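# Descriptive structure summary
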Amino acid sequence: MKKNVMILIGTALLLSSCAGEFNKVLKSNDYDYRYEFAKQCFAEGKYNQAESLLREMITLKKGTDDAQESLYMLAMSEYMNGDYDSASETFKKYYTTYPKGFYSEVAMYYVGQSLFSSAPEPRLDQTATLGAISAFQQFLDIYPQSSLRPVAQDRLFDLQDKLVQKEFLSAQLYYNLGGYFGNINSNSESNYSSCIIVAQNALKNYPFMKHREDFMLLIMKSKFQLAENSSDERRVERYRDAEDECYGFINEYPESKNVELAQKYINKCKKYTKD
């Protein structure tokens, strides 16, 4: 117990000493000393302290040999502190200011990585996701031989999958809303039609997606529901369209667990299309 108390006291004294030294540096007018201390903090992973010092240093060091290093360390400190929005802007400022700089390749990569880290779940606004995709694509175009290329490509796949998930959630919502209305209802038809449009656009925009079967299933189900809810003058036409969609689904996914559902739809459609 006594040993644990001594360890706690020692730790507290050490932290107090570090805080005291940091405050001393902040009050110092020796800017070279402050810069070297900021570099030390950065090297030791004390990114909060490094960021506090470097914010002033990037102005003081402007036009000197330390200018680009201070800007890069500030951007990386922001990233390591989880301030991804600020980090993406500071990294962007770095490679815009120093396109041939020592850290330009890494900075361009981390613009995308910062936006990637701040990208929200698929249900939310995907502006950051689109920005990250654009940044990674720009990185790959400018540095096609970079050692970071495989990671950037993996990030792109992850980001595109997030956009696909958002499209799927949107299409699924339209389908679910369609079922909340009664038969031959214009709102119902509109929602099923919207589901089909969203799903078809997703298939067109992301032809190599992992969730292709899920989108095709939604299209098939929506077309069948459109036929079921259709007015007399359009019923046969829509059952034919639904039947064709069912056959297309079975041909593409003959081992799918939803083949039985597709066949059930076909049997129902044939009652109207057999002539």
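Use the structure listed above.
What comes next is a walk through the structure.

Conventions and cut-offs
- Residues numbered from 1 in each chain as written.
- Predicted model: local features only at pLDDT ≥ 70, side-chain atom pairs only at ≥ 80, totals over all residues.
- Heavy atoms only, no water.
- Helix = DSSP H or I, 4+ residues; strand = E, 2+ residues; numbered from the N terminus.
- Buried < 20%, exposed > 50% of the residue type's maximum accessible area, 1.4 Å probe, protein only.
- Contact = heavy atoms within 4.5 Å.
- Core = buried A, V, L, I, M, F, W, Y, C linked by side-chain atoms within 4.5 Å.
- Salt bridge = Lys/Arg side-chain N within 4 Å of Asp/Glu carboxyl O.
- Expected span 1.5 Å × (residues − 1).
- Arc of directions from axis to C-beta.
- Phe/Tyr/Trp six-rings, centres within 6.5 Å; stacked < 30°, edge-to-face > 60°.
- Lys NZ or Arg CZ within 6 Å of the ring centre and 35° of its normal.

## Brief notes about the overall build of the protein chain
Along the backbone of the protein chain there are 12 helices and 0 strands. Listing every helix and strand of the protein chain by position from the N terminus yields α-α-α-α-α-α-α-α-α-α-α-α. A burial count over the protein chain gives 41% of its 275 residues as buried. Counted over contacts in the protein chain with a minimum sequence separation of 6, partners at least 24 positions apart contribute 54%.

## Quick look at the nonpolar core
Generally speaking, nonpolar side chains in soluble globular proteins are found buried as a group. Counting 71 residues, the largest nonpolar core has L54 and F91 as its most contacted members. For this core, the element with the highest residue contribution is helix α10 (residues 212-228), accounting for 9 residues. Not counting the four nearest positions on each side in its chain, L54 is found in contact with Y35, A38, S70, M73, L74 and S77.

## With respect to the pattern of salt bridges
Between side chains of opposite charge, a pair can form when the charged atoms approach closely. For the structure on display, the rule yields 18 salt bridges. Its salt-bridge partner being K268, residue E228 comes within 3.0 Å of it at the nearest N-O pair. Here K268 lies in helix α12 (residues 259-273) and E228 lies in helix α10, a separation of 40 residues in the sequence. With a closest N to O distance of 2.7 Å, D232 and R235 form a salt bridge. Remark: R235 and D232 occur in helix α11 (residues 232-252); sequence separation between them is 3 residues, near one turn of the helix. In this structure, a network of salt bridges that share partners links the residues D32, K61 and D66.

## Description of α12
Taking 1.5 Å of rise per residue, 15 residues should cover 21 Å, and α12 covers 20 Å from first to last C-alpha, within 8% of that figure. All buried positions along α12 are accounted for by V259, A262, Y265, I266, C269 and T273. What you see down the axis of α12 is that its buried residues fit within an arc of 115 degrees, all on one side. Those residues of α12 that are exposed and angled more than 90 degrees off the buried face are E260, K264 and K271.

## A few points about the packing of aromatic side chains
Summed over all chains, the structure comprises 20 aromatic pairs. Where F91 meets Y110, the ring centres are 5.4 Å apart and the plane angle is 25 degrees; that geometry is what we call stacked. Taken as a pair, F91 in helix α5 (residues 84-97) and Y110 in helix α6 (residues 104-118) lie far apart in primary sequence, 19 residues in all. Looking at R155, its charged tip hangs above the ring of F116, at a distance of 4.7 Å from the centre.

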